[in-house]
There are 2 protein chains.
Amino acid sequence: MSENIKEPLFNLLHSMKRSLRQAIEVGDLGITPLHMRVLKIISFYNQKVTANDIVQKTLIDKAQLARLIKELIGLGYVSKLDNPNDKRSYYLGISGEGEQIVKQLSVAEHRVNEIMKTGLTEQEIADFARLAKQMAHNLNQQNE
Amino acid sequence: MSENIKEPLFNLLHSMKRSLRQAIEVGDLGITPLHMRVLKIISFYNQKVTANDIVQKTLIDKAQLARLIKELIGLGYVSKLDNPNDKRSYYLGISGEGEQIVKQLSVAEHRVNEIMKTGLTEQEIADFARLAKQMAHNLNQQNE
DNA sequence: TTGCGGTGGTTGACTAAGTCAACTACATTT
DNA sequence: AAATGTAGTTGACTTAGTCAACCACCGCAA
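Residues numbered from 1 in each chain as written. Chains lettered and ligands numbered in written order. Predicted model: local features only at pLDDT ≥ 70, side-chain atom pairs only at ≥ 80, totals over all residues. Heavy atoms only, no water.

- The name that an unreviewed UniProt entry assigns to chain A is MarR family transcriptional regulator, with the source organism given as Shewanella metallivivens.

In structure tokens, the structure reads:
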């Protein structure tokens, strides 16, 4: 009988979310892990990413994302820029404060990342990430 | 720079939860994936498991678990049995209907499991599970 | 060129999941 | 026996995730 993968995965995610939340709360400012996730993407693709792009990348529901972005804008971390090619959409840019937050919280995230990797080799980490991607891909294929 | 493991993991969990929910909804009866998770544990350790044991195993918050169990009892899938050694706690038993549900939904879960494993070797699956456990363990160590 | 189906984004209304604190009842320690 | 600890419950709340309806705009085909 082949192993059930879900249970360890649920456990891992749970622990990870808890650690991340704790790490992030230190320098707190109304930011949740999900805000952080989105903010990092916006930071990375600064002014070259639309809400819809983020939906594609993350599979976050577009309704939820619209709200997250509204909140990030409300906090002054993000702004909308007109997209001259398509008046329905807009590019997302990050503010100086936004960058601050990303930088600051990246440190915390990195710490969690390192803790998580304790006792594992780079090869194992890479394999793990590869397998996770593959499995997600398998599941997503199925649902279309 | 070492790879960030969180993003693929978040994606995988997201896809997995979605698939599971869909798989479970087919034969629906007020059951969520989390109910299922708890119900399976109760089925496995039938009459030999307490609420607190489940909290230890899963890290589900005890408040949340109390409510889940109340719901499962309300649905007639689970019952409480007095624990003669400790009047504060009780053992959890599963009913015939409960077993039915577990059996039925295990099929659905197994299907999702198989989809997830497409193109991976048994060795890779085993490694993946091992690494997930190790990482969860690392994180949990840290938080005490 | 208009009109029609599709897409990006927003809002409403909701369910599921997770958290924290306070409390009850019983157990253990000292 | 008193103090301290633990199992489970309840209240009140936050974070995530989902679905449907809608608007403004896009692109294409008749």
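### Let's talk about the relation of the copies chain B and chain A
- Overlaying chain B on chain A yields an RMSD of 0.1 Å, the required transformation being a rotation through 180° with an accompanying axial translation of 0.0 Å. Such values leave the two copies arranged in the relation of a two-fold axis. The position closest to the rotation axis in chain B is occupied by the C-alpha of Phe128(B), lying 3.0 Å away.
- When the interface residues of chain B are mapped onto chain A, 100% of them again lie at the interface, so the same face is used by both copies. (Least-squares fit on C-alpha atoms with pLDDT ≥ 70 in both. Contact = heavy atoms within 4.5 Å.)

### Remarks on the protein's contact with DNA strand D
- The environment of DNA strand D is made up of 25 residues, and the closest members are Lys87(A), Asn52(B), Arg67(B), Lys80(B) and Arg88(B).
- A share of 61% is what sugar and phosphate atoms reach among the atoms of DNA strand D within 4 Å of the protein.
- Here Asn52(B) contributes a backbone N or O atom positioned 2.4 Å from a phosphate oxygen of DNA strand D.
- For the surface near DNA strand D, the elements supplying multiple residues, two or more each, are helix H2 (33–44) and helix H4 (62–74) of chain A together with helix H1 (6–25), helix H3 (51–58) and helix H4 (62–74) of chain B.
- It is H4(B) that provides the largest number of residues to the surface near DNA strand D, a total of five residues. (Near = heavy atom within 4 Å. Polar contact = N/O pair within 3.5 Å; in protein donor to acceptor, adjacent residues only side chain to side chain. Helix = DSSP H or I, 4+ residues; strand = E, 2+ residues; numbered from the N terminus.)

### Concerning the packing of helix H2 (residues 33–44) of chain B against H4(B)
All names here are of chain B.
- Direction vectors running N to C along H2 and H4 enclose 85°, while the axes themselves pass 10 Å from each other. Classified by the angle between their axes, H2 and H4 sit roughly perpendicular to one another. Residues Leu34, His35, Val38 and Leu39 of H2 form the contact with H4, whose participating residues are Gln64, Leu65, Leu68, Glu71 and Leu72.
- Residues that form the contact of H2 with H4 fall into these classes: six nonpolar, two polar and one charged. (Axes fitted to C-alpha atoms, helices over the stretch in contact; angles between N-to-C directions. Parallel < 35°, antiparallel > 145°, perpendicular 65-115°, else oblique. Nonpolar A, V, L, I, M, F, W, Y, C, P; charged D, E, K, R; others polar.)

### Concerning the interface of chain B and chain A
- Opposite the 51 residues of chain B that make contact, chain A presents 51 residues.
- Summing both sides of the interface, chain B and chain A together bury roughly 5500 Å²; the carbon and sulfur share of this comes to 64%.
- In this assembly, chain B and chain A are joined by six salt bridges.
- Applying the counting criterion to the chain B and chain A interface returns 13 residue pairs in polar contact (both at pLDDT 80 or more).
- When contributions to the side of chain B that touches chain A are tallied by element, the ones reaching two or more residues are H1, H2, H3, helix H5 (96–116) and helix H6 (122–142) of chain B. (Buried area = accessible area lost by both parts, 1.4 Å probe. Salt bridge = Lys/Arg side-chain N within 4 Å of Asp/Glu carboxyl O.)

### Let's talk about the side chain of His35(A)
Residue and element names in this part refer to chain A.
- Inspection of the secondary structure assignment puts histidine 35 in helix H2.
- There is a polar contact of 2.8 Å between the side chain of histidine 35 and the side chain of threonine 32.
- Those residues in contact with histidine 35 that sit more than four places away from it in its chain are Gly30, Leu68, Glu71 and Leu72.

### Some points on the protein's contact with DNA strand C
- Of all residues adjacent to DNA strand C, which total 24 residues, the nearest are Asn52(A), Arg67(A), Lys80(A), Arg88(A) and Thr32(B).
- At a separation of 2.9 Å, a phosphate oxygen of DNA strand C approaches a polar side-chain atom of Arg21(A).
- Residue Lys62(A) places a side-chain N or O atom 2.8 Å away from a base oxygen belonging to DNA strand C.
- Mapped by element, the contributors of at least two residues to the surface near DNA strand C are helix H1 (6–25), helix H3 (51–58) and H4 of chain A together with H2 and H4 of chain B.
- Element by element, the count of residues in the surface near DNA strand C is highest for H4(A), at five residues.
- Taken together, the residues of the surface near DNA strand C break down into seven nonpolar, six polar and 11 charged.

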